[in-house]
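# Survey of secondary and tertiary structure
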Amino acid sequence: MTDKITIGVVGAGTMGRGIVQLFAQAGHPVRCHDAQPGAAAKAVDYVDSMFARAVEKGRMAEAEHAAARERLKACDSLADLAGCGLVIEAIVEDLEVKSVLFRELEGLVGDDAILASNTSSLTVAEIAAACRRPQRVAGLHFFNPVPLMKVAEVIAAVRTEPAVVQRLCELTEGAGHRAVVTADQPGFLINHAGRGLYTEGLRIVEEQVAAPADVDDVLREALGFRMGPFELLDLTGLDVSSRVMTSIYEQFQQEPRFRPSSLVAPRVAAGLFGRKSGEGWYRYVEGQQQKPAVKPVPPLPEALTVWVDPQASGAAGLRELVSAAGARLSDDAANASLCMVQPWGQDATGTALALGLDATRCVAVDPLPPLALRRTLMLTAATSPEARDAAHALLASDGTPVTLINDSPGFIAQRVMATIVNIAANIAQRGIASVADLEDAVRLGLGYPHGPLGWGDQLGAGRMLEILRAQLAATGDPRYRPSAWLARRVALSLSLTTPEAAR
């Protein structure tokens, strides 16, 4: 059990209150200070009300509540934090303001005390540079709401002592949160790992492959994300997310993998921030998202003959679907009404031409998600309306939802997953975090159904690499260049979650 120390929290806003609640509930005496008069007292009262609510719901005993309340103290002066073994800063994201605060705190607390910043975007080393003892400074980044988001990033700046990192991990784990250790790099770990979902989703819409709602539907229903990228952008606020995207891109020296979208700035300028402004990628009426109308399913044509590429990954499943719908299977693509292919990382047009098919009668179906889930139908640049409607009717014949998209080097699910896995592989390559911390951070911090590298293994690391290489060849865009770390593991048939050999 972690021994109890007095913890100071500077900043009584939403994050500060959450941190106070977390550590007070874990048994630590907590001192809260805010520069605004009365704010610390309000924060302590708020935390006490959260404990009272927990008692009402049976999650906390009255005796525990009384003890926790005794551990809380609002401080009018920073000097009241002098006896703290750890002080966590949760104030405005301004380097100069934080630096001044850390210099002042360092003059108050003991030499063995730890100073930690809850910064989400600033380099911890820059904050520590203002201190006489930078080795006692680290990042401790929580996520909102702090008591419910069961993960915290422990950020080791270049001069942070290993013992400080270990102590912060112990305190965090002792409070019931998973502590993930990350290097002091842009976006740290969780925001860094989350770039793929946003950037590739935006890129798909930029290219007119699909509408925002289509992207969200596919990723939610076919891959199991809690929310699609456009729903998430509306929830967090496009104004906030835009700054984060730009900041990480610039801090990584304009790394193409993190390139922001040109679609974002005009929306921010127009005040379309998302839920809080009533409109973002979606409109909101009384807080309820307004979804676009679902395109009706066309009738299945009579006497439809269908050729399924025998080399396709899901050829057997597609053939069963065709038969179950009452269409006739054909072994002759030249005489079939409809031709169906299943490329990985390739577009439908290129696949049709490579197989010698008539592009006007050809469509592609995503082989990545199981056919029982939402199906994605890709058209070639020349698919006729008749072939489009026949394919839509066929794929929807058993009631499974279908998303139609335009031609693209890879389907929605393929593109997003390959990007997520590639970014995660590069995080591992750079040693920003261990594979175990990366996997847990993404599950707990981003709410993905799996860690990115384990997910890559499930979907097929070789397939992820194949998609990336095909996208790079088709677009020439370096954002799709595969991580060398990923390529080596595929070449050696190693799991992506295999730990690195000892150095």
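Here's a quick rundown of the structure. (Residues numbered from 1 in each chain as written. Predicted model: local features only at pLDDT ≥ 70, side-chain atom pairs only at ≥ 80, totals over all residues. Heavy atoms only, no water.)

### Topic: the nonpolar core
Heads up, the rule is: Joining through side-chain atoms within 4.5 Å is the link that ties buried Ala, Val, Leu, Ile, Met, Phe, Trp, Tyr and Cys residues into a set, and such a set is a nonpolar core. Think of it in three bands: with a 1.4 Å probe and only protein chains considered, a residue is buried below 20% of the maximum accessible area for its type, exposed above 50%, and partly exposed in between. In this description a helix means any DSSP run of H or I spanning at least four residues, a strand means any run of E spanning at least two, and both kinds are numbered starting from the N terminus. Residue contacts follow a heavy-atom distance rule, with two residues in contact if any of their heavy atoms lie within 4.5 Å.
Formed by 80 residues in total, the largest nonpolar core has its most connected members in Phe225 and Met417. Per element, the largest residue contribution to this core is twelve residues, and it comes from helix H16 (residues 412-429). In contact with Met417, other than residues within four places in its own chain, are Leu223, Phe225, Leu368, Trp455, Leu459 and Met464.

### Focus on the packing of helix H8 (residues 195-206) against helix H10 (residues 229-236)
Stated formally: Orientation is described by axes fitted as lines to C-alpha atoms, over the contacting stretch for helices, and by angles from 0 to 180 degrees between their N-to-C directions. For classification, angles of less than 35 degrees are called roughly parallel, those exceeding 145 degrees roughly antiparallel, those between 65 and 115 degrees roughly perpendicular, and all remaining angles oblique. Two helices crossing with the near one rotated counterclockwise from the far one by less than a right angle form a left-handed crossing, whereas a clockwise rotation gives a right-handed crossing.
With their axes 9 Å apart at the nearest point, H8 and H10 run at an angle of 115° to one another. With respect to H10, the axis of H8 lies roughly perpendicular. Between H8 and H10 lies a crossing whose hand is left-handed. In contact with Leu197, Tyr198, Gly201, Leu202 and Val205 of H8, H10 contributes Pro229, Phe230, Leu232, Leu233 and Thr236.

### Structural notes on the pairing of strand E13 (residues 338-341)
So the rule is basically this: Here, a strand pair is defined by DSSP locating no fewer than two bridges between the strands.
Of the two faces of E13, both are covered, the one formed by Leu338 and Met340 as well as the one formed by Cys339 and Val341. Pairing of strand E11 (residues 305-308) with E13, which is carried by three bridges, proceeds in the parallel orientation. Note on E13: the bridge partner recorded for Trp307 is Cys339. The pairing of E13 with strand E14 (residues 362-365) spans three bridges and is classified as parallel.

### Quick look at the sheet that holds E14
Taken together, the six strands give an open sheet; going across it, the order is E12-E11-E13-E14-E15-E16, and neighbouring strands pair in mixed fashion. A single partner strand is all that each edge strand has here, and the edge strands are strand E12 (328-329) and strand E16 (402-405). Where strand E15 (residues 375-379) lies against E16, four bridges are found, and the strand directions are parallel. Pairing of Met378 across the sheet is with Ile405, part of E16.

### Considering the layout of surface pockets
Put simply, the rule reads: A cavity, in this analysis, means grid points on a 1 Å lattice covering only the protein atoms where a 1.4 Å probe fits yet has no way out; a pocket is instead an open set bounded by protein on both sides within 12 Å along at least five of seven lines, and a residue lines either one if it has an atom within 4 Å of a point. Grid points are joined across faces, edges and corners, and a volume is the space filled by probe spheres set on the points. Think of it as three bins: nonpolar holds Ala, Val, Leu, Ile, Met, Phe, Trp, Tyr, Cys and Pro, charged holds Asp, Glu, Lys and Arg, and polar takes everything else, Gly as well.
Within this model, the largest pocket holds a volume of roughly 1,400 Å³. Residue lining of the largest pocket: 50 residues in total, with His141, Phe143, Asn144, Asn191 and Thr236 positioned closest to the centre. Those elements that provide at least two residues to the lining of the largest pocket are helix H1 (14-25), strand E6 (137-142), helix H7 (190-193), H8, H10, helix H11 (238-251) and helix H17 (435-446). Residues belonging to the lining of the largest pocket are distributed by class as follows: 22 nonpolar, 19 polar and nine charged. There is about 560 Å³ of room inside the second largest pocket. Lining the second largest pocket are 22 residues, with Gln21, Gln25, Met50, Pro147 and Leu148 sitting closest to its centre. For the lining of the second largest pocket, the secondary structure elements donating two or more residues are H1 and helix H2 (39-56). The leading source of residues in the lining of the second largest pocket is H1, at six residues. Class assignment for the residues of the lining of the second largest pocket results in twelve nonpolar, five polar and five charged.

### Remarks on the packing of H8 against H16
Contact geometry of H8 with H16 gives a least axis separation of 8 Å together with a crossing angle of 145°. Note that H8 runs across H16; the crossing there is right-handed. On H16, the residues touching Arg195, Gly196, Leu197, Glu200, Gly201, Arg203 and Ile204 of H8 are Ile412, Arg415, Val416, Thr419, Ile420 and Ile423. By residue class, the composition of the contact of H8 with H16 is six nonpolar, three polar and four charged.

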